Amino acid sequence: MNTAPASLDALLTRYSVGPKHLVEPGPSDAQLALMAEAALRAPDHAELVPYRFKLVRGAAKQGMAGLFADAARAAGKGGEGATLDAERALKPPVTVAVVARIDLGHPLVPAHEQWAAVGGAIANFLTAAHALGFGGKMLSGAKVRDAAIAAAFCAPGETLLGWIALGTPARKAAGPSRKLDASAVLVDWHPPCRE
Ligand SMILES: Cc1cc2nc3c(=O)[nH]c(=O)nc-3n(C[C@H](O)[C@H](O)[C@H](O)COP(=O)(O)O)c2cc1C
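Please read these numbers as outputs of a predicted model, since none were measured by experiment.

Criteria and thresholds
Residues numbered from 1 in each chain as written. Predicted model: local features only at pLDDT ≥ 70, side-chain atom pairs only at ≥ 80, totals over all residues. Heavy atoms only, no water. Axes fitted to C-alpha atoms, helices over the stretch in contact; angles between N-to-C directions. Helix = DSSP H or I, 4+ residues; strand = E, 2+ residues; numbered from the N terminus. Parallel < 35°, antiparallel > 145°, perpendicular 65-115°, else oblique. Left-handed = near helix turned anticlockwise from the far one by under 90°. Contact = heavy atoms within 4.5 Å. Nonpolar A, V, L, I, M, F, W, Y, C, P; charged D, E, K, R; others polar. Patch = residues over 30% accessible without salt bridge, like charges linked within 9 Å, V, L, I, M, F, W, Y side chains within 5 Å. Areas by Shrake-Rupley, 256 points an atom, 1.4 Å probe, with all protein chains shown as cover. Salt bridge = Lys/Arg side-chain N within 4 Å of Asp/Glu carboxyl O. Core = buried A, V, L, I, M, F, W, Y, C linked by side-chain atoms within 4.5 Å. Buried < 20%, exposed > 50% of the residue type's maximum accessible area, 1.4 Å probe, protein only. UniProt positions renumbered as here; feature names shortened; annotations may be inferred.

**Considering the packing of helix α3 (residues 60–74) against helix α4 (residues 79–90)**
How two helices pack is summed up by the angle between their axes together with the distance between the axes.
Phase 1 of the analysis: Here α3 crosses α4 at 150°, and the two axes come no closer than 8 Å. Between α3 and α4, the angle is such that the two are roughly antiparallel. In the crossing of α3 with α4, the sense of the turn from one axis to the other is right-handed. For the pair α3 and α4, the contacting residues are Lys61, Gln62, Met64, Ala65, Phe68, Ala69, Ala72 and Arg73 in the first and Gly81, Ala82, Asp85, Ala86, Ala89 and Leu90 in the second.
Phase 2 of the analysis: For the contact of α3 with α4, the class distribution of residues is nine nonpolar, two polar and three charged.

Following this line, the structure appears as structure tokens:
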């Protein structure tokens with residue numbers, strides 16, 4: 001294990017904390033702004049900022065819970081399943097819907113590069129939350145493809161990627177989730193032989 005500078009602590013120790021382990025308090029406006037500022041530091045070709053973070057908190061949580069329950073029923077779940085899905089909307093102190101704005105006709109930046117920028121923004125957002133002492137987890141599932149939910153979260157041209165559940169971790173995790181050794185992803189490239 002390399003000795004890492006303290007400035008890398010948050011990056012090297014971040015792990016996801018699921019909604020059932022999140023309790024009040026959620027992040028303040030100022031803390032959410034820091035998370036968004038961190039997201040905006042992610043690499044972003046041509047600075048298209050192809051994402052928005054839509055905050056679901058306070059009374060809005062009830063609205064999302066209703067949408068989740070309706071989607072559960074539409075997907076054939078019974079009353080218990082609908083209640084469980086509604087609780088997923090109500091439990092986290094703050095939920096942040098992540099919406100992508102991919103310009104498919106951009107002359108310079110292809111869609112996959114814009115999606116990469118969205119992913120970088122999510123990672124930075126979650127790492128900032130962790131650095132501030134909050135727990136969070138990015139979640140999606142079949143709900144993102146429910147027409148009523150997608151319409152409720154997306155303006156024309158936007159795609160609902162999922163939701164970041166945010167709050168105070170109810171308990172200390174046993175440890176960060178296990179990850180591969182760096183050597184699994186760091187490989188030397190060798191140029192092809194030229195005849
Ligand atoms: C766009 C996106 C959607 C995801 N959706 C889900 C999901 O629906 N359910 C889930 O368990 N994990 C989902 N994940 C993965 C978790 O957020 C998390 O990264 C994973 O459980 C690994 O945990 P770790 O972050 O502690 O390493 C998603 C991740 C991304 C980037």
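**Observations concerning a nonpolar patch on the surface**
Phase 1 of the analysis: Side chains of Leu8, Leu11 and Leu12 sit close together on the surface and give an oily, nonpolar patch of about 290 Å² of accessible area.
Phase 2 of the analysis: Examined against the element boundaries, leucine 8 turns out to sit in the segment before α1 (9–13).

**Some remarks on the nonpolar core**
Phase 1 of the analysis: Of all hydrophobic cores here, the largest spans 20 residues; its most connected members are Met35, Phe53, Val96, Val118, Phe125, Ile164 and Leu166.
Phase 2 of the analysis: Take this core: its biggest share by element is seven residues, from helix α5 (residues 111–131).
Phase 3 of the analysis: Each residue touching leucine 166, except ones within four places of it in the same chain, is listed here: Leu22, Pro27, Leu32, Met35, Pro92, Pro93, Val94, Val96, Phe125, Ala129, Gly135 and Gly136.
Phase 4 of the analysis: Among the nonpolar cores identified, the runner-up in size contains 18 residues, and Phe68, Ala86, Ala97 and Val144 belong to it.

**Quick look at the UniProt feature "domain: Nitroreductase" (unreviewed entry) in the chain**
Phase 1 of the analysis: Within this structure's numbering, the places UniProt gives as "domain: Nitroreductase" (unreviewed entry) are residues 24–167.
Phase 2 of the analysis: Taken end to end, residues 24–167 has its terminal C-alpha atoms 6 Å apart, with 47% of it in helix and 19% in strand.

**A few points about the pattern of salt bridges**
Phase 1 of the analysis: Summed over the entire model, instances satisfying the criterion amount to six salt bridges.
Phase 2 of the analysis: Taking the shortest distance from any N to any O, the salt bridge between lysine 54 and glutamate 158 comes out at 2.8 Å. With lysine 54 in strand β2 (residues 51–56) and glutamate 158 in the loop between α6 (147–153) and β5 (159–169), the pair connects residues that are 104 residues apart, well separated along the chain.
Phase 3 of the analysis: The class of lysine 54 is partly exposed, set by a relative accessible area of 25%.
Phase 4 of the analysis: Glutamate 158 gets classed as buried once you look at its relative accessible area, which sits at 11%.

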